[in-house]
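Structure at a glance
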Amino acid sequence: MKKEFIFIGPPGSGKGTQTIMLSKEFNLPHIDTGSLLREEIASGSQAGKLADSYISKGQLAPITLVASIIKNRISKEDCKNGFILDGYPRSSEQAEALDDILKEIDKNENAQLTVFYFEIGQDKLIERLVNRRSCEKCGAIYNLKTMKLKDENTCEKCGGKLIRRDDDTEEVAIKRFETYFKQTAPLVDLYKKRNQLITIDASKDINTIYKDLTGAIKENVHS
Ligand SMILES: [Zn+2]
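About the cut-offs
- Residues numbered from 1 in each chain as written.
- Predicted model: local features only at pLDDT ≥ 70, side-chain atom pairs only at ≥ 80, totals over all residues.
- Heavy atoms only, no water.
- Buried < 20%, exposed > 50% of the residue type's maximum accessible area, 1.4 Å probe, protein only.
- Helix = DSSP H or I, 4+ residues; strand = E, 2+ residues; numbered from the N terminus.
- Arc of directions from axis to C-beta.
- Contact = heavy atoms within 4.5 Å.
- Pairing = 2+ DSSP bridges.
- Axes fitted to C-alpha atoms, helices over the stretch in contact; angles between N-to-C directions.
- Donors = N, O, S within 2.8 Å, 3.2 Å for Na, K, Ca; no water.
- Tetrahedral: all angles 85-135°; square planar, octahedral: opposite > 155°, others 65-115°.

Here we look at helix α6 (residues 122–130)
Among the residues of α6, those classed as buried are L125, I126, R128 and L129. What you see down the axis of α6 is that its buried residues fit within an arc of 160°, all on one side. Next to the buried residues of α6 lie β5 (132–135), β6 (141–143) and α7 (170–193).

Considerations on the sheet that holds strand β8 (residues 197–201)
The five strands are arranged β2-β3-β1-β4-β8 in an open sheet whose pairing can be described as parallel. Each edge of the open sheet is held by one strand with a lone partner, namely β2 (30–32) and β8. Strand-to-strand, the axes of this sheet are offset by a mean angle of 20°, without reference to chain direction. The strands touched by α7 within the sheet are β1 (2–8), β4 (111–119) and β8, with β1 carrying the most contacts at an inclination of about 145°.

Some words on the coordination of the zinc ion
Only C135 (SG), C138 (SG), C155 (SG) and C158 (SG) from the protein coordinate the zinc ion, and they sit 2.3 to 2.4 Å from it. Angles of 99 to 114° at the metal separate the four donor atoms of the zinc ion, which places the site in the tetrahedral class. Sequence spacing of the donor residues for the zinc ion, all on one chain, is C-x2-C-x16-C-x2-C. Placement of C138 in the loop between β5 and β6 and of C155 in the loop between β6 and β7 (162–163) is noted, with a sequence separation of 17 residues between them. Classification of C138 by relative accessible area gives partly exposed; the value is 42%.

What to know about the environment of P10
Considering the arrangement of structural elements, one finds P10 in the loop between β1 and α1 (15–26). Of the residues examined, P10 reaches a relative accessible area of 2% and is grouped as buried. Along the primary structure P10 and K157 are separated by 147 residues, whereas in three dimensions their C-alpha atoms are 27 Å apart. Apart from residues lying up to four places away in sequence, P10 is in contact with F118, I120, L125, F177, Y180 and F181.

Printed below as a string of structure tokens:
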């Protein structure tokens, strides 16, 4: 069975880390929509140029454009056994666009779509965000609360300086969180109604979440 996984969760829920771990174990490509768009723009393709004309002005790229970039990516050979979509769909409109794409791509396939929702309370999320530091040099991400660092200002991987992103403040985090939920709540409801949603408690630690995640796959996803 072709495994099609969608990961939904607010920034700071840890879903990025989990998708990378899962991608390795299941040998499925991890498609991070943000990176995919950046790559498309860097490639100078027609779709990339068009996407850039919106994104560079701080606007959202149109639904049909993003959908066509996603479609191209998940039609590639490495996705024949499935894929992990991270950061897409983000709204009900995008979910509908994805439905159309999958209808076309999977017409002769035995595929199962499973959506993982990384659930986490606002307080916990804000605590995580304000404790987050990233390395100026190599981009490694640390959490001062959950990782015990020898020196809170120095990257353990490369010795670079650890900095806090300007937007990792409580005020900005609350705003980001509210916007996120307004947008994704209908999406979560939609997949729940279709019995495609699995809720993961993202307030736990990385290894426990991963255990829950793989356990849920064993139980719910056909091999
Ligand atoms: Zn570093």
